[in-house]
Amino acid sequence: EADAERLQEALIEAGFTQQHEKCAWRYTSLIDLRHSHQEILLSFNSTTRYKVRRALRDGIAVRCDRQQEDIAVFYKLFQEMWERKGHPCRYSLSFFEQLRDRLMVFNAFSATGAPLASAVVLNDGLTARYTWGASAYRPGAAAPLVHYQAMLWAKNQGLRYYDMGGIPHEPKDQHLKGIKFVKEGFRGRQIKQLDSITLVFKPILYEAINFVRSNYRNVVE
């Protein structure tokens, strides 16, 4: 950690800008995909394994693709989820459509065809990174099945890890505690990384953009 902090200090001296007032760590969890399908499932805790198996028994099916209709299914759930939180969605449909060649969408449907949960994964050649997710008001056991199917897809692509996309560290509100509980149920290897820093070429423009973003967040919150 001390070496990483010294590296960050050196980068800041070279002109990079830190995203927080002090050195911040990002926690996440990596699932090792070098094991068999069954071994990956058995590595989950008992609650998560039960939910995956229950979802399969209930006839929940996961469709994996990146076609426009798949992105649209995810985005509809994504919008509805933000609305339940009382906030406007911060992404547009076109944003995801522009990333179409770089992402893979996993949509879970009930036995009657109703969308229940979605995951959007980015592939960096080594790791499949869970980056965005959404779920219906009562998704049941669909979300754990979505992650499991995404892991199997990543394994079949020859990737080594599945990144759970971050885990809240010492969360205080119930929503974040719930996210932490669910993601830790997959029992991946927890790691921590330094938050990203940015090399700024036009400081005045950069500050102006941050000012607009900050005021937008204040209005939303």
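1. What to know about the overall build of the protein chain
Now for step 1: Secondary structure assignment for the protein chain yields eight helices and nine strands.
Now for step 2: Looking at the protein chain as a whole, 36% of its 221 residues are labelled buried.
Now for step 3: The long-range fraction of contacts in the protein chain, counting pairs at least 24 apart against all pairs at least 6 apart in sequence, stands at 70%.
Now for step 4: Carbon and sulfur atoms provide 52% of the accessible area of the protein chain, an area that totals close to 13300 Å².

2. Side note on the side chain of threonine 48
Now for step 1: On the secondary structure map, threonine 48 appears in helix α3 (residues 46-57).
Now for step 2: Looking at threonine 48, the relative accessible area reads 7%, which means it is buried.
Now for step 3: Beyond its immediate stretch of four places on either side in the chain, threonine 48 contacts Pro144, Gly185 and Phe186.

3. As for the pattern of salt bridges
Now for step 1: One pass over the full model with this rule turns up seven salt bridges.
Now for step 2: A salt bridge links glutamate 184 to lysine 180; the nearest nitrogen and oxygen atoms lie 2.9 Å apart. Placement of the pair is glutamate 184 and lysine 180 together in helix α7 (residues 174-184), with a separation of four residues, close to one helical turn.
Now for step 3: In this structure, a network of salt bridges that share partners links the residues Asp124, Arg129 and Asp163.

4. A look at the nonpolar core
Proteins that are soluble and globular tend to have nonpolar side chains buried together.
Now for step 1: Residues Ile31, Met151 and Tyr162 are the most contacted members of the largest nonpolar core, which totals 31 residues.
Now for step 2: When contributions to this core are tallied by element, the ones reaching two or more residues are α2 (37-42), α3, β4 (103-109), β5 (115-123), β6 (127-135) and α6 (142-156).
Now for step 3: The biggest single contributor to this core is α6, with nine residues.
Now for step 4: Apart from residues lying up to four places away in sequence, methionine 151 is in contact with Ile31, Leu33, Ile40, Phe44, Tyr162, Met164 and Phe186.
Now for step 5: Ranked by size, the runner-up nonpolar core spans 16 residues in total, among them Tyr75, Trp82, Leu103 and Val105.

5. Some thoughts on the packing of aromatic side chains
Now for step 1: A complete count under the given rule lists 16 aromatic pairs for this structure.
Now for step 2: Both rings, one in phenylalanine 78 and one in tryptophan 82, keep their centres 6.3 Å apart while their planes meet at 85°; by these two values the pair is edge-to-face. One end of the pair is phenylalanine 78 and the other is tryptophan 82, both in helix α4 (residues 68-85) and four residues apart, which spans about a single turn. The burial state of phenylalanine 78 is the same as that of tryptophan 82; both residues are buried.
Now for step 3: Between the aromatic rings of tyrosine 91 and phenylalanine 95, the centroid separation amounts to 5.0 Å while the plane-to-plane angle is 40°, which identifies the pairing as tilted.

6. Observations concerning unusual backbone geometry
Now for step 1: Notably, glutamate 170 is not glycine yet its phi reads approximately 50°, a positive angle.
Now for step 2: As for its position among the elements, glutamate 170 is in the loop between β7 (161-163) and α7.
Now for step 3: Residue classification places glutamate 170 among the exposed residues on the basis of a relative accessible area of 58%.
Now for step 4: A positive phi is found at arginine 187, a non-glycine position, where the angle reads about 55°.
Now for step 5: Tracing the backbone through its elements, the reader meets arginine 187 in the loop between α7 and β8 (189-194).
Now for step 6: Assessed through its relative accessible area of 55%, arginine 187 is described here as exposed.

7. Structural notes on the environment of phenylalanine 96
Now for step 1: Structurally, the position occupied by phenylalanine 96 is in helix α5 (residues 93-98).
Now for step 2: Judged by relative accessible area, which is 1%, phenylalanine 96 ranks as buried.
Now for step 3: Separated by 22 residues in sequence, phenylalanine 96 and phenylalanine 74 have C-alpha atoms that sit 9.8 Å apart.

8. Observations regarding the packing of α3 against α6
When two helices pack together, their arrangement is given by the angle between the helix axes and the distance between those axes.
Now for step 1: In the contact formed by α3 and α6, the axes pass within 8 Å of each other and the chain directions differ by 95°. By the angle between their axes, α3 is roughly perpendicular relative to α6. Here α3 contributes Thr48, Lys51, Val52, Ala55 and Leu56 to the contact with α6, which in turn contributes Pro144, Leu145 and Tyr148.
Now for step 2: Classifying every residue of the contact of α3 with α6 by side-chain character gives six nonpolar, one polar and one charged.

Procedures and definitions
Residues numbered from 1 in each chain as written. Predicted model: local features only at pLDDT ≥ 70, side-chain atom pairs only at ≥ 80, totals over all residues. Heavy atoms only, no water. Helix = DSSP H or I, 4+ residues; strand = E, 2+ residues; numbered from the N terminus. Buried < 20%, exposed > 50% of the residue type's maximum accessible area, 1.4 Å probe, protein only. Contact = heavy atoms within 4.5 Å. Areas by Shrake-Rupley, 256 points an atom, 1.4 Å probe, with all protein chains shown as cover. Salt bridge = Lys/Arg side-chain N within 4 Å of Asp/Glu carboxyl O. Core = buried A, V, L, I, M, F, W, Y, C linked by side-chain atoms within 4.5 Å. Phe/Tyr/Trp six-rings, centres within 6.5 Å; stacked < 30°, edge-to-face > 60°. Axes fitted to C-alpha atoms, helices over the stretch in contact; angles between N-to-C directions. Parallel < 35°, antiparallel > 145°, perpendicular 65-115°, else oblique. Nonpolar A, V, L, I, M, F, W, Y, C, P; charged D, E, K, R; others polar.

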